[in-house]
Protein chains: 2
Amino acid sequence: MSELLAERAAWTIAELAREFGVTTRAIRFYEAEGMIAPERQGQHRLYHPRDRVRLKLILRGKRLGFTLAEIREIIDLYDREPGEAGQLDHFLEKIAERRAELEQKRRDIALTLDELAEVEGNCRRRLRELGRTDGR
Amino acid sequence: MSELLAERAAWTIAELAREFGVTTRAIRFYEAEGMIAPERQGQHRLYHPRDRVRLKLILRGKRLGFTLAEIREIIDLYDREPGEAGQLDHFLEKIAERRAELEQKRRDIALTLDELAEVEGNCRRRLRELGRTDGR
DNA sequence: TTTAACGTTTACGTAAACGTCAATCATATG
DNA sequence: CATATGATTGACGTTTACGTAAACGTTAAA
């Protein structure tokens, strides 16, 4: 029988590293930075679903070009306590800031994709021209 | 009379720095990396529209988390010569790679925005509850 | 004429994010 | 029992992308 991911409750550091395509060194580094806190079985680390989610969020943030410090702040937004009213306002401001950044990135992506599409169009047109020049 | 941007044909390094919110050091660094090549008027640098476009592309790439090396590759895609057929295939592959990266980033952004929206929803709900608890 | 204001080159410093050993320990397997 | 496998903790090295400071050269204004 295959071991479905959902059935597993814990992973070693090497398993996580393979699954996410990062080194064990990187995973330990994120822990040293206080971004993951795996269980300890004696000397060894044991990663649970919660830790995997964390790692996934970290790597997603990295793909978007956020620094680890920024990623930490974003993750902190996720697992906060309900909190007091005054805190909540400040909290909403932080969320708004992050959203603004993300929307800027989204615009940047749209522009770049448009430009790439144009370059690709030129390229394909040129290819067709060469095809005719070849006498086909 | 105001000097419209479109009328200007050249800028000093300090003007560019102010306009784009970067340091002159950074601009010179991009030049040292071969990403910009401003005209020289004796000792001084003179930036033309073409250089501004370059700088804009560099900064956009940075916002998306690309390294300068990657940004250089992307820019190289833009100002290439038509080229030969064999080169064009390779060229199209490069474009496809970049597009895949950008689309991954776009998915990452969508996910993060969704999560932030959920967190914000919880936050606002909590605020309304507090409002009622306050007796208003 | 001196003193800002703006520019230049050269060079060393630095923060972030790991990479890369080395030494050590536990377990497991032939 | 010896060796291989996988983990651990230091600790120093490396790359990227500039920051920062020194030393110097031009105008331009007081």
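Quantities reported herein were computed from a predicted structural model and do not represent experimental measurements.

Caption draft 1: Representation of the domain arrangement of chain A in the model. Residue and element names in this part refer to chain A. Along its sequence, chain A is organised into domain 1 (7-79) and domain 2 (82-136). On the side of domain 2, 7 residues touch domain 1, which itself brings 6 residues to the contact. Contact between domain 1 and domain 2 buries roughly 650 Å² in total, counting both sides, with carbon and sulfur atoms accounting for 64%. Remark: the boundary between domain 1 and domain 2 carries 2 salt bridges. Inspection of the region where domain 1 meets domain 2 yields 3 residue pairs in polar contact (both at pLDDT 80 or more).

Caption draft 2: Structural view of the UniProt feature "coiled-coil region" (unreviewed entry) in chain A. Under the local residue numbering, the UniProt record ascribes the feature "coiled-coil region" (unreviewed entry) to residues 88-122 of chain A. A distance of 51 Å separates the end C-alpha atoms of residues 88-122 of chain A, which is 100% helix and 0% strand.

Caption draft 3: Molecular detail of the packing of helix H1 (residues 13-20) of chain A against helix H3 (residues 49-63) of chain A. All names here are of chain A. Two elements in contact, H1 and H3, have axes whose closest approach is 12 Å; the angle formed by their N-to-C orientations is 40°. In terms of crossing hand, the pair formed by H1 and H3 is right-handed. Only Arg52, Leu55, Lys56 and Leu59 of H3 make contact with H1, whose side of the interface consists of Leu16, Glu19 and Phe20. For the contact of H1 with H3, the residue count by class is 4 nonpolar, no polar and 3 charged.

Caption draft 4: Broad picture of the UniProt feature "domain: HTH merR-type" (unreviewed entry) in chain A. In this structure's numbering, the residues bearing the UniProt feature "domain: HTH merR-type" (unreviewed entry) are residues 10-77 of chain A. Secondary structure across residues 10-77 of chain A comprises 62% helix and 9% strand; the distance between its end C-alpha atoms is 25 Å.

Caption draft 5: Spatial organisation of the interface of chain B and chain A. Chain B puts 36 residues into the contact, and the matching count from chain A is 36 residues. Three residues, Arg60(B), Ile109(B) and Leu116(B), lead the burial of chain B against chain A; their summed loss comes to 15% of the area buried on that side. At the junction of chain B with chain A, the criterion picks out 6 salt bridges. Residue Arg63(B) pairs with Asp108(A) through a salt bridge whose shortest N-O separation is 2.6 Å. At the junction of chain B and chain A, the tally comes to 12 residue pairs in polar contact (both at pLDDT 80 or more). Examining the composition of the side of chain B that touches chain A, we find that 26 residues originate from one element, helix H5 (residues 85-133) of chain B, more than from any other. Residues belonging to the side of chain B that touches chain A are distributed by class as follows: 19 nonpolar, 4 polar and 13 charged.

Caption draft 6: Here's a closer look at the packing of aromatic side chains. For the structure on display, the rule yields 2 aromatic pairs over all chains. Considering the side-chain rings of Phe29(A) and Tyr30(A), the 6.3 Å spacing of their centres and the 65° angle between planes classify their relative orientation as edge-to-face. Overall, Phe29(A) belongs to the partly exposed group, its relative accessible area being 35%. Tyr30(A) gets classed as buried once you look at its relative accessible area, which sits at 6%. Over the aromatic face of Trp11(B) sits the side chain of Arg52(B), whose NZ or CZ is 4.6 Å from the ring centroid.

Caption draft 7: Structural context of the protein's contact with DNA strand C. The environment of DNA strand C is formed by 17 residues, the closest being Thr23(A), Tyr30(A), Lys62(A), Leu68(A) and Arg45(B). Of what DNA strand C places within 4 Å of the protein, 73% of the atoms are sugar or phosphate. Residue Arg25(A) places a side-chain N or O atom 3.1 Å away from a base oxygen belonging to DNA strand C. Separating a phosphate oxygen of DNA strand C from a side-chain N or O atom of Thr12(B) is a distance of 3.1 Å. Of all the secondary structure elements, the ones that give two or more residues to the surface near DNA strand C are helix H2 (24-32) of chain A together with helix H1 (13-20), helix H2 (24-32) and strand S2 (44-46) of chain B.

Caption draft 8: View of the nonpolar core. One finds Tyr30(A), Leu55(A), Ile58(A), Ile27(B), Tyr30(B), Leu55(B) and Ile58(B) to be the most contacted residues of the largest nonpolar core, which totals 67 residues. With residues up to four places along the chain from it excluded, the contact list for Tyr30(B) reads Met35(B), Ile36(B), Leu55(B), Ile58(B), Leu59(B), Lys62(B) and Leu68(B).

Caption draft 9: Spotlight on the packing of H3(A) against helix H4 (residues 68-78) of chain A. Residues and elements named next belong to chain A. Contact geometry of H3 with H4 gives a least axis separation of 10 Å together with a crossing angle of 130°. Here H3 is positioned oblique relative to H4, judged by the angle of their axes. Handedness of the crossing formed by H3 with H4: right-handed. Facing Arg54, Leu57, Ile58, Arg60, Gly61 and Lys62 of H3, the residues of H4 in contact are Leu68, Ile71, Ile75 and Tyr78. Along the lines of polarity and charge, the residues of the contact of H3 with H4 split into 6 nonpolar, 1 polar and 3 charged.

Procedures and definitions
- Residues numbered from 1 in each chain as written.
- Chains lettered and ligands numbered in written order.
- Predicted model: local features only at pLDDT ≥ 70, side-chain atom pairs only at ≥ 80, totals over all residues.
- Heavy atoms only, no water.
- Domains from an automatic or database assignment.
- Contact = heavy atoms within 4.5 Å.
- Buried area = accessible area lost by both parts, 1.4 Å probe.
- Salt bridge = Lys/Arg side-chain N within 4 Å of Asp/Glu carboxyl O.
- Polar contact = N/O pair within 3.5 Å; in protein donor to acceptor, adjacent residues only side chain to side chain.
- UniProt positions renumbered as here; feature names shortened; annotations may be inferred.
- Helix = DSSP H or I, 4+ residues; strand = E, 2+ residues; numbered from the N terminus.
- Axes fitted to C-alpha atoms, helices over the stretch in contact; angles between N-to-C directions.
- Left-handed = near helix turned anticlockwise from the far one by under 90°.
- Nonpolar A, V, L, I, M, F, W, Y, C, P; charged D, E, K, R; others polar.
- Phe/Tyr/Trp six-rings, centres within 6.5 Å; stacked < 30°, edge-to-face > 60°.
- Buried < 20%, exposed > 50% of the residue type's maximum accessible area, 1.4 Å probe, protein only.
- Lys NZ or Arg CZ within 6 Å of the ring centre and 35° of its normal.
- Near = heavy atom within 4 Å.
- Core = buried A, V, L, I, M, F, W, Y, C linked by side-chain atoms within 4.5 Å.
- Parallel < 35°, antiparallel > 145°, perpendicular 65-115°, else oblique.

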